[in-house]
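Structural overview
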Amino acid sequence: MEYFRPIAMTDPARPPGALTLAGGWCWFDRVEVLSRAAAGRIIAASELPAPVLHRLTAPRAAFAGLALDRPRLMGILNVTPDSFSDGGHFFAAEAAVAQARAMALGAEVIDIGGESTRPGAAEVPVEEEIARTAPVIRALREGGQTAPISIDTRKAPVAEAALEAGATLVNDVSAFDFDPTLGPLVAQANVPVILMHAQGVPATMQDDPRYADVLLDVYDALAARLARAEALGIGRAHIMLDPGIGFGKTQAHNLTLLRGLSLFHGLGCPILLGTSRKRFIGSIGGADRPEDRAPGSIATALQGVAQGVQVIRVHDVAETRQALRLWQALNTDHLEDRA
């Protein structure tokens, strides 16, 4: 089997014949062909098989009401006492609501989670996870918040309660592996879903993660989960995929995935990237405290944007928004409005 990684470029002076990547802001005219049996080789984009060419170039449909013709930010709101970066900071409902409103000034989506999925984290009972998340979502909607709200959960009852409270979409770090009833719920509710790759569960995922070829293994795993979601009746236009940086991956695995992100456009879905404040950023950047890792987090976010990733999941919304605006001014032929 061959895999096709477009070599994404962002220079506004694109050459004649260059193709737009995923209907967005990057272009490509060359593709790296990868396989498990041979070394990679470079071909012209014009040599691609027609189905591959379509998946790589077709504009992505609006997701949760957001057009994906420019990079979007998802703000992280952990309503937990033990998340690796900000556990306890927004555990009180009032603090969580205030933080969500502040993030909404720069992020187009707010991702609310009531269970830490940091390495070594224990599972939270369903009732507790609902009590942490649903009241915050309801308070935001009652307070006039209209932006999309994502519920970050692996569990169908938590997702159901969040959707009833006003959540717009589901973000499942297990891609329906943890709770087999979550997929049918998403299909019945007809809401968008983010499916992330993870090797193992949070409690043990970092013990000794191994891959034959991490880039191709993650691609194949996401392809299988995408097919499973479609078989449940979830339309591809309602599915976003996340390679799961840091979830059952070593530092070397994370770097390989970040270098090869454009490969995942071949799945024909929008891509989400979540690297914010993760341990490998601190290890490489020399920042022991998660709250000191914004510069490194922004560097990895811009790496993703330069490869056409449509949504970046971040803690430091204002800082990432500023960096993104500068990146767009330097690398594209337009600058988004401040609104």
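Up top is the structure.
Residues numbered from 1 in each chain as written. Predicted model: local features only at pLDDT ≥ 70, side-chain atom pairs only at ≥ 80, totals over all residues. Heavy atoms only, no water.

**Things to note about the overall build of the chain**
- Along its length, the chain carries 10 helices and 13 strands.
- Relative to the 2.2 N^0.38 estimate, which gives 20 Å for 339 residues, the radius of gyration of the chain is 19 Å and therefore close to what a compact globule would have.
- Each principal axis of the C-alpha distribution contributes one length, and for the chain these read about 55 × 45 × 40 Å.
- Evaluated residue by residue, the chain yields a buried proportion of 56% over its 339 residues.
- Summarising the internal contacts of the chain: among those between residues at least 6 apart in sequence, 68% fall at separations of at least 24.
- In the structure as shown, the chain presents an accessible area of about 13,800 Å², 54% of it carried by carbon and sulfur atoms.
- The positive charge centre, built from 31 side chains, and the negative charge centre, built from 38, are 3 Å apart in the chain. (Helix = DSSP H or I, 4+ residues; strand = E, 2+ residues; numbered from the N terminus. Rg over C-alpha atoms; globule rule 2.2 N^0.38 Å. Buried < 20%, exposed > 50% of the residue type's maximum accessible area, 1.4 Å probe, protein only. Contact = heavy atoms within 4.5 Å. Areas by Shrake-Rupley, 256 points an atom, 1.4 Å probe, with all protein chains shown as cover. Lys, Arg positive; Asp, Glu negative; His and termini not counted. Charge placed at Lys NZ, Arg CZ, Asp CG, Glu CD.)

**Points about the environment of D220**
- Topologically, D220 is positioned in helix α6 (residues 214-231).
- The exposure class of D220 is partly exposed, given its relative accessible area of 27%.
- As for D220 and F264, which are separated by 44 residues in sequence, their C-alpha atoms are 9.8 Å apart.
- Excluding residues that lie within four positions of it along the chain, D220 makes contacts with M1, Y3 and R36.
- A distance of 2.9 Å separates polar atoms of two side chains, one belonging to D220 and the other to R36. (Polar contact = N/O pair within 3.5 Å; in protein donor to acceptor, adjacent residues only side chain to side chain.)

**Topic: the sheet that holds strand β13 (residues 311-314)**
- Across the sheet, which stays open at both edges, the eight strands sit in the order β11-β10-β9-β8-β7-β6-β13-β12 with parallel pairing between neighbours. This sheet does not close on itself; its edge strands, each paired only once, are β11 (239-242) and β12 (272-273).
- This element, helix α2 (residues 93-103), spans β6 (72-78) and β7 (109-113) of the sheet and lies at about 170° to β6. (Pairing = 2+ DSSP bridges. Axes fitted to C-alpha atoms, helices over the stretch in contact; angles between N-to-C directions.)

**What about the packing of helix α9 (residues 294-305) against helix α10 (residues 317-331)?**
- Where α9 contacts α10, the two axes come as close as 10 Å, and the packing angle between them is 45°. Relative to α10, the element α9 is oriented oblique. Crossing handedness for the pair α9 and α10: right-handed. Two secondary-structure elements touch here, α9 through I298, A301, L302 and V305 and α10 through E319, T320, A323, L324 and W327.
- Considering only residue class, the contact of α9 with α10 consists of seven nonpolar, one polar and one charged. (Parallel < 35°, antiparallel > 145°, perpendicular 65-115°, else oblique. Left-handed = near helix turned anticlockwise from the far one by under 90°. Nonpolar A, V, L, I, M, F, W, Y, C, P; charged D, E, K, R; others polar.)

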